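# Structural features, examined
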Amino acid sequence: MSYISVTEALDLLKSVRGRIEDSEQIPIEQCWGRTLAEEVVAFSDSPPFHRAAMDGYALRAQDTPGTLPILGQVNAGEVFTQHVPQGYAVRIMTGAPLPQELDTVIEQEAVTRHNQHIEVPRVVKTLRNVSTQGSEITRGTTVFQPGQYIGSLEMGLLALSGYATVKVYRKPRVLLVTTGDELQNPGQALQPGHIYNVNRYLFAALLTEAGADVTWAPPAADTSHAVALALSDLTPYDLVITTGGVSVGDKDHVIQFLRNHTRLLFWRVDMHPGKSIAGAEKDHVPILALSGNPGAAMMSWYLIGLPFVVSLYGAYLPLRHISGRLRHPFMKPTRETRYLRARIQVEQGEIFFDTQLPQGSDIITAYRQSEVLAIIPEGSPPVPSGTEVTGLMIPGLGPERLYWLPQNHRESPPS
Ligand SMILES: Nc1nc2c(c(=O)[nH]1)N[C@H]1C(S)=C(S)[C@@H](COP(=O)(O)OP(=O)(O)OC[C@H]3O[C@@H](n4cnc5c(N)ncnc54)[C@H](O)[C@@H]3O)O[C@H]1N2
Ligand code: MOO
């Protein structure tokens, strides 16, 4: 196998462009989908005080069991400042600070309430129904490192940490160029021999999800002139992604342009689908030329494109490897490393990879069901079912990225 590895390809792209240094300070309301350019340190303990977790009565544990007169009431947002003598209780609402001299809360369902006193029938432990000060985050804790992608949970945690504004990296600017005479934008009936331009929409969305600022170039025709024009001024960008024209055909002008007018970093990488891929550098801007086949291009995206975009923030993509047994044999001897889109099945505690999904380079529907990429190493002979292989789990791959699915999704996947 003479192709370079996925890791080598990624490193070559990184050698052209490292982390973006520019950053800006923005209100947290606007920071969803951005990436932190600073460390986030909690400004205060969370909770900031011992907080009642139930509606009920605050008291001293040592006064239980017993009959306790009720001195007053404290609600969320208030502070109970009165002295609480031994043997007294204070009515307390969920979210209210525990009065200073008291050490526990009993939920109202567990006591008998009389007009001005309660009967507590049993011993109550200290700090029952109390979220203690700093139990989630203590002041001064590092909540996030620079490079953290801000999704919904991170928005909540920024607020919890007391940040009103935050420093984020400038979004990577990415030029997206799709190529092919056969491509039509959806909206009109297909001309004979034409297909809809999938990559334009797919990659604009994948890039946006990854936090990039995408420029949609007009699709380029399969001519050397059109390709040269589309790739003439790259200086405003941090990355250029092209699709199509990167194989060995007469009309594969992208690879010809890269060979003749740029510094070619690599051509073809050890992965299938997705081996038809090139990396290059022009005017200090990295170019990632992906296959026209959407399924192959998407694999290259997950293995090289996405980790590279993420590295522009100085971050890395957390990949998880799991072992599983192939549910079905994989009979094709393979020259390149194969990444099979697969579902995960667990039976009696054992993990199986079900690879009965369409695996073609042109197919993208299979990604909707793939939870894992089952890896068949380069040069493997036919692999029988039951063989243990490594599976790669990539953030954003598979059904989890759809957030919710129709009821029958697993039973009858779209073909
Ligand atoms: N003689 C050989 N032929 C091919 C080889 C090879 O090794 N020797 N490799 C095959 C593999 S694997 C792939 S993958 C493709 C890669 O081809 P290109 O990257 O040059 O892409 P195109 O030829 O332009 O297109 C391939 C395929 O994808 C369709 N396409 C292109 N762009 C889009 C788009 N934006 N949206 C939807 N579909 C698109 C295009 O119509 C073709 O069907 O090469 C094999 N050939
Ligand atoms: O190169 Mo193709 O991209 O292996 O599927």
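Residues numbered from 1 in each chain as written. Chains lettered and ligands numbered in written order. Predicted model: local features only at pLDDT ≥ 70, side-chain atom pairs only at ≥ 80, totals over all residues. Heavy atoms only, no water.

If you check the shell around ligand 1, you find 21 residues, and the closest are Glu182, Asn197, Val198, Val246 and Arg268. The contact in question runs from an oxygen atom of ligand 1 to an N or O atom on the side chain of Glu182, over 2.6 Å. Its free accessible area being 870 Å², ligand 1 has 70% of it covered by the protein chains. Those elements that provide at least two residues to the shell around ligand 1 are strand E15 (195-196) and helix H3 (198-209). Its residues assigned to classes, the shell around ligand 1 comprises seven nonpolar, ten polar and four charged. (Near = heavy atom within 4 Å. Polar contact = N/O pair within 3.5 Å; in protein donor to acceptor, adjacent residues only side chain to side chain. Areas by Shrake-Rupley, 256 points an atom, 1.4 Å probe, with all protein chains shown as cover. Helix = DSSP H or I, 4+ residues; strand = E, 2+ residues; numbered from the N terminus. Nonpolar A, V, L, I, M, F, W, Y, C, P; charged D, E, K, R; others polar.)

This paragraph deals with the site of ligand 2. Near ligand 2 the following residues occur: His272, Pro273, Gly274, Lys275, Ser276, Ser291, Ala296 and Ser361. For ligand 2, an oxygen atom lies 2.9 Å from a polar atom in the backbone of Gly274.

Two elements in contact, H3 and helix H6 (residues 294-311), have axes whose closest approach is 11 Å; the angle formed by their N-to-C orientations is 25 degrees. In terms of their interaxial angle, H3 and H6 are classed as roughly parallel. The two elements H3 and H6 cross, and the hand of that crossing is right-handed. Residues Val198, Asn199, Leu202, Phe203, Leu206 and Leu207 of H3 lie in contact with H6, whose contacting residues are Pro294, Ala297, Met298, Trp301, Tyr302 and Val309. (Axes fitted to C-alpha atoms, helices over the stretch in contact; angles between N-to-C directions. Parallel < 35°, antiparallel > 145°, perpendicular 65-115°, else oblique. Left-handed = near helix turned anticlockwise from the far one by under 90°. Contact = heavy atoms within 4.5 Å.)

On to the UniProt feature "domain: MoaB/Mog" (unreviewed entry) in the protein. Here, UniProt's "domain: MoaB/Mog" (unreviewed entry) annotation points to residues 175-311. Helix makes up 34% of residues 175-311 and strand 24%, with an end-to-end C-alpha separation of 17 Å. (UniProt positions renumbered as here; feature names shortened; annotations may be inferred.)

Bringing the domain arrangement of the protein into the picture now. A common way to express how large an interface is: the accessible area buried when the components associate. By the assigned domains, the protein splits into domain 1 (27-45 + 136-169), domain 2 (51-131), domain 3 (172-315) and domain 4 (321-394). Placing a centre on the C-alpha atoms of domain 2 and another on those of domain 4 gives a separation of 58 Å. (Domains from an automatic or database assignment.)

A few words now on the nonpolar core. Trp301, Leu303 and Ile304 are the most contacted members of the largest nonpolar core, which has 49 residues in total. At the level of elements, helix H1 (6-16), strand E13 (173-178), H3, strand E17 (239-243), strand E18 (263-267), strand E20 (285-290), H6 and strand E24 (372-376) are the ones that each hand at least two residues to this core. The biggest single contributor to this core is H6, with eleven residues. Apart from the residues within four sequence positions on either side, Ile304 is in contact with Val6, Ala9, Leu10, Leu13, Val269, Met271, Ile277 and Leu288. Counting 20 residues, the second-largest nonpolar core is a separate cluster that includes Leu231, Ile255, Ala280 and Ala289. (Core = buried A, V, L, I, M, F, W, Y, C linked by side-chain atoms within 4.5 Å. Buried < 20%, exposed > 50% of the residue type's maximum accessible area, 1.4 Å probe, protein only.)

A complete count under the given rule lists five aromatic pairs for this structure. Look at Phe43 and Tyr163: their rings are 4.7 Å apart centre to centre, the planes differ by 15 degrees, and that puts the pair in the stacked class. Placement of the pair is Phe43 in the loop between strand E2 (40-41) and strand E3 (51-52) and Tyr163 in the loop between helix H2 (152-160) and strand E12 (165-169), with a sequence separation of 120 residues. Looking at Tyr163, the relative accessible area reads 11%, which means it is buried. Over the aromatic face of Trp267 sits the side chain of Arg259, whose NZ or CZ is 4.9 Å from the ring centroid. One cation-aromatic arrangement involves Arg327 over Phe352; the distance from NZ or CZ to the ring centre is 4.1 Å. (Phe/Tyr/Trp six-rings, centres within 6.5 Å; stacked < 30°, edge-to-face > 60°. Lys NZ or Arg CZ within 6 Å of the ring centre and 35° of its normal.)

Counting buried residues in E20 gives six out of six residues, a clear majority hidden from the surface. Where strand E19 (residues 278-282) lies against E20, five bridges are found, and the strand directions are antiparallel. Paired with Ala280 across the strands is Ile287, a residue of E20. Count of turn residues in the E19/E20 antiparallel hairpin: two residues, of which Asp283 carries a positive phi of about 50 degrees. (Pairing = 2+ DSSP bridges.)

The next thing to look at is unusual backbone geometry. Residue Pro65 follows Thr64 across a cis peptide bond; omega there is -10 degrees. The phi dihedral of Asn129 falls on the positive side, at around 55 degrees, and the residue is not glycine. Turning to its location among the elements, Asn129 is positioned in the loop between strand E9 (117-120) and strand E10 (130-131). Even without being glycine, His284 reaches a positive phi, approximately 65 degrees. Within the secondary structure, His284 is located in the loop between E19 and E20. Note on His284: relative accessible area 60%, which makes it exposed.

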